Amino acid sequence: MRRRAFITLLGGAAVAWPLAARAQQPRKVPRIGILDFFPSAASADSIEPFQQGLRELGYVNGRNIHLEYHSAEQRSDLAATLAADLVRREVDIIVAVATPAAHAAKNATATVPIVMQVSDPLATGLVASLARPGGNLTGVSSSGPDLAGKRLELFRELRPDLARVAFLGAANDPNARTFLDETQAAADSIRVRLQPLLMTGPEEFDAAFAIMIQEQAQGVIVQPLFVGHRAKLAELAARHRLPMVAEQRTFALAGGLAAYGVNRSALSRRWAYYVDRILKGAKPADLPIELPTTFELVINLKTAKALGLEVPPTLLARADEVIE
């Protein structure tokens, strides 16, 4: 072989070899950090639907995507620490569950995409627009149209003599005022007296129920952020014979009278849609925040019987789930 031809051939091989080597390198497995403000025991109804949504889009945890779950146990300081840690470990996307977690993630990074599930991203200052969120946040809202009013109407159907109802809210939740204002407006519209009680934690529950009894409340509406303490709240409600109505079905499963609100499983499945779009190159700023479209009514018939309440057949027929 001539010297020039040999050099040309060698040079071609030198160019081709790195290309072949790069082609054989394994593709990076995307890492998704899930920052949940709720306790891990309360999150099964969200995480499994999310993974199911991912599987439908071709992602299998541990194979071509890696999920890292972190619970802030309803502590804002821990949420901030965990968010900063996820950023340091260079996750590709942060999924933030609940408003405090979304704020913690937003404060930790302006570049890592954040997919959030929050009640009202506008009222709490997370985004300036639902249609074009801007920045690095997008996701779904769990705040549906007039849910507070519909829950109070449900309460009155279950207890027709309802005239005084307590509202148990989380003082450290940025959404507490929104929840309270919506419930107050709904109570005023049907002439029901609302008794607001904003608590900082479960250590105040006993005192709160003592106030309810003293003020002759006929029931209690519980804010979603207390989902991690639903068993304790159901036990107190049963002890004081106070019907408890909440947004999430897990409260009814724990012994509450009823729940009406957004279908959380359907909402969690939508996280997968956003994760997929972002991994394929979409910018969070350009992905509109979705409002919920699927709702569910759950009635605990066992609790109703224990409280001596008769559930109208028409209400049972509308229920998505009846616990007996």
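Residues numbered from 1 in each chain as written. Predicted model: local features only at pLDDT ≥ 70, side-chain atom pairs only at ≥ 80, totals over all residues. Heavy atoms only, no water.

Draft legend 1. Up close: the sheet that holds strand E4 (residues 114-118). The five strands lie next to each other as E2-E1-E3-E4-E5, forming an open sheet whose pairing is parallel. Bordering the open sheet on either side are strand E2 (66-71) and strand E5 (137-141), each of which pairs with just one other strand. On average, adjacent strands in this sheet sit at an angle of 20° to one another, irrespective of strand direction. Note: strand E3 (residues 93-97) against E4, four bridges, orientation parallel. Within the sheet, the bridge partner assigned to Ile94 lies in E4 and is Ile114. Sitting on the sheet, helix H4 (residues 99-108) touches strand E1 (31-36), E3, E4 and E5, and the angle it makes with E4 is about 155°. (Pairing = 2+ DSSP bridges. Helix = DSSP H or I, 4+ residues; strand = E, 2+ residues; numbered from the N terminus. Axes fitted to C-alpha atoms, helices over the stretch in contact; angles between N-to-C directions. Contact = heavy atoms within 4.5 Å.)

Draft legend 2. A look at the sheet that holds strand E8 (residues 220-222). Taken in spatial order, the seven strands of this open sheet run E7-E6-E8-E9-E10-E11-E12, and their pairing is mixed. Of all the strands in the sheet, the pair left with one neighbour each is strand E7 (193-199) and strand E12 (321-323). Taken over all neighbouring pairs, the strand axes of this sheet differ in orientation by 20° on average, direction set aside. Relative to strand E10 (residues 258-262), strand E9 (residues 244-246) runs parallel, the two being bridged by two bridges. Bridging from a neighbouring strand, Ala246 pairs with Ala259 of E10. Helix H7 (residues 205-214) rests against strand E6 (164-170), E7 and E8 of the sheet, and its axis sits at about 165° to E7.

Draft legend 3. Seen up close, the packing of aromatic side chains. All told, the structure shown has four aromatic pairs when counted by the stated rule. Measuring from centroid to centroid gives 5.2 Å for Phe205 and Phe226, while their planes differ by 90°, and the two rings are edge-to-face. Placement of Phe205 in helix H7 and of Phe226 in the loop between E8 and helix H8 (230-239) is noted, with a sequence separation of 21 residues between them. Across this residue pair, the class does not change: Phe205 and Phe226 are buried. Summarising the aromatic geometry, the rings of Tyr260 and Phe295 are spaced 6.5 Å apart at their centres and angled 20° between planes, so their arrangement reads as stacked. Highlighted residues: Tyr260 in strand E10 and Phe295 in strand E11 (residues 295-300), separated in sequence by 35 residues. (Phe/Tyr/Trp six-rings, centres within 6.5 Å; stacked < 30°, edge-to-face > 60°. Buried < 20%, exposed > 50% of the residue type's maximum accessible area, 1.4 Å probe, protein only.)

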